[in-house]
Amino acid sequence: MTVQSRSPLISLLIPAITTAIWFIILCGIVYPLLTTAVANVIFPYQAQGSLIAVNGKVIGSELIGQNFTDPKYFHPRPSATTKTGTTDKAEPYNAAQSVASNYGPTNKKLIDGVKNAVTAYRKENGLGADTLVPVDAVTASASGLDPDISIANANLQAPRVAKARNIPVTEVQKLISKNTILRQLGILGEPRVNVLRLNLSLDNFK
């Protein structure tokens, strides 16, 4: 009696399926669990989403902007994110729908939108028509979630915030300096300020 050998197809499928299963286990389960565990040990704050808590309650993340509109707070960079789903309804800083407008520099919607934003920014902050407005004050970031603003943007908002809170503008400027994030390694990025942390400093000001 002779033993019937496997068909060529089965001989090819078995090692292919076995290899795929091993890669799924290693790359889809073991590796993510390992890197998550290591990150939680070495960088626990960052691994948990850089969450900011006040009195034990999480109020946001350093990494995700929030839509502050009250005059007594610093306002964030515009956000291009929309409501998750089929509609295009604006929903600023919707982390589930991180996206840019993708308008090109000659797109009329972008040009008109920036012009309108510049006018609104100057009016909101009591600025003259000849005041130069920082680009981050009137354009959205690529992610639509940028939590930081430039120092120039913060300084232009300082008088409005000081007036709304009835405190000296010099004190507000001190808080901006205190919360300024410098360039990484002295060369990477630009000096900036995290809007959420700056507004928390304002609420804690005495």
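As annotated in an unreviewed UniProt entry, the chain carries the name Potassium-transporting ATPase KdpC subunit and is attributed to Aetokthonos hydrillicola Thurmond2011. Under the UniProt heading Subunit (unreviewed entry), the entry covering the chain gives this text: "The system is composed of three essential subunits: KdpA, KdpB and KdpC."

Caption draft 1: The overall build of the chain, seen in detail. Within the chain, the secondary structure is distributed over 6 helices and 5 strands. Each helix and strand of the chain, placed in order from N terminus to C terminus, yields the pattern α-α-β-β-α-β-α-α-β-β-α. By the compact-globule yardstick of 17 Å for 206 residues, the chain is too spread out, its C-alpha radius of gyration being 25 Å. For the chain, the spread of C-alpha atoms along the three principal axes comes to 100 × 45 × 35 Å.

Caption draft 2: Main features of helix α3 (residues 108–124). End to end, α3 covers 24 Å across 17 residues, agreeing with the expected 24 Å (1.5 Å per residue, within 8%). Where α3 begins, one side-chain oxygen reaches toward the backbone nitrogen of Lys109, 2.8 Å away; that side chain belongs to Asn107. A positive backbone phi angle near 65° is found at Gly126, which sits one or two residues after α3.

Caption draft 3: Empty space enclosed by the protein, seen in detail. Evaluation of the coordinates by the stated rule reveals 1 cavity of 30 Å³ or more. One number sums up the size of the largest cavity: a volume of about 50 Å³. If you trace the largest cavity, you find it lined by Ile64, Gly65, Gln66, Phe68, Pro76, Pro147, Asn194, Val195 and Leu196. The residue makeup of the lining of the largest cavity, split by class, is 6 nonpolar, 3 polar and no charged.

Caption draft 4: Seen up close, the nonpolar core. Phe74, Ala154, Val172, Ile176, Leu198 and Leu202 are the most contacted members of the largest nonpolar core, which totals 19 residues. When residues in this core are grouped by element, the largest group, 5 residues, is from helix α6 (residues 195–203). Those residues in contact with Phe74 that sit more than four places away from it in its chain are Phe68, Ala154, Gln157, Ala158, Val161, Val172, Ile176, Val195, Leu198, Asn199 and Leu202. Residues Tyr121, Val133, Ala137 and Leu156 belong to the second largest nonpolar core, which totals 6 residues.

Caption draft 5: View of the pairing of strand β1 (residues 51–54). As paired elements, β1 and strand β2 (residues 57–61) share 4 bridges and run antiparallel to each other. Residue pairing across strands places Leu51 opposite Ser61, the latter belonging to β2. Connecting β1 to the antiparallel partner β2 that follows it, the hairpin turn spans 2 residues, and Asn55 within it adopts a positive phi of roughly 55°.

Caption draft 6: Summary view of the side chain of Asp148. Relative to the elements of secondary structure, Asp148 occurs in strand β3 (residues 148–150). Among the polar contacts made by the side chain of Asp148, one reaches the side chain of Asn194 at a distance of 3.3 Å. Ignoring sequence-local partners within four residues, the contact set of Asp148 consists of Arg77, Ile181, Arg192, Val193, Asn194 and Val195.

Procedures and definitions
- Residues numbered from 1 in each chain as written.
- Predicted model: local features only at pLDDT ≥ 70, side-chain atom pairs only at ≥ 80, totals over all residues.
- Heavy atoms only, no water.
- UniProt positions renumbered as here; feature names shortened; annotations may be inferred.
- Helix = DSSP H or I, 4+ residues; strand = E, 2+ residues; numbered from the N terminus.
- Rg over C-alpha atoms; globule rule 2.2 N^0.38 Å.
- Expected span 1.5 Å × (residues − 1).
- Polar contact = N/O pair within 3.5 Å; in protein donor to acceptor, adjacent residues only side chain to side chain.
- 1 Å grid on protein atoms, 1.4 Å probe; cavity = no way out; pocket = protein on both sides within 12 Å on 5 of 7 lines; lining within 4 Å.
- Points joined across faces, edges and corners; volume = space filled by probe spheres on them.
- Nonpolar A, V, L, I, M, F, W, Y, C, P; charged D, E, K, R; others polar.
- Core = buried A, V, L, I, M, F, W, Y, C linked by side-chain atoms within 4.5 Å.
- Buried < 20%, exposed > 50% of the residue type's maximum accessible area, 1.4 Å probe, protein only.
- Contact = heavy atoms within 4.5 Å.
- Pairing = 2+ DSSP bridges.

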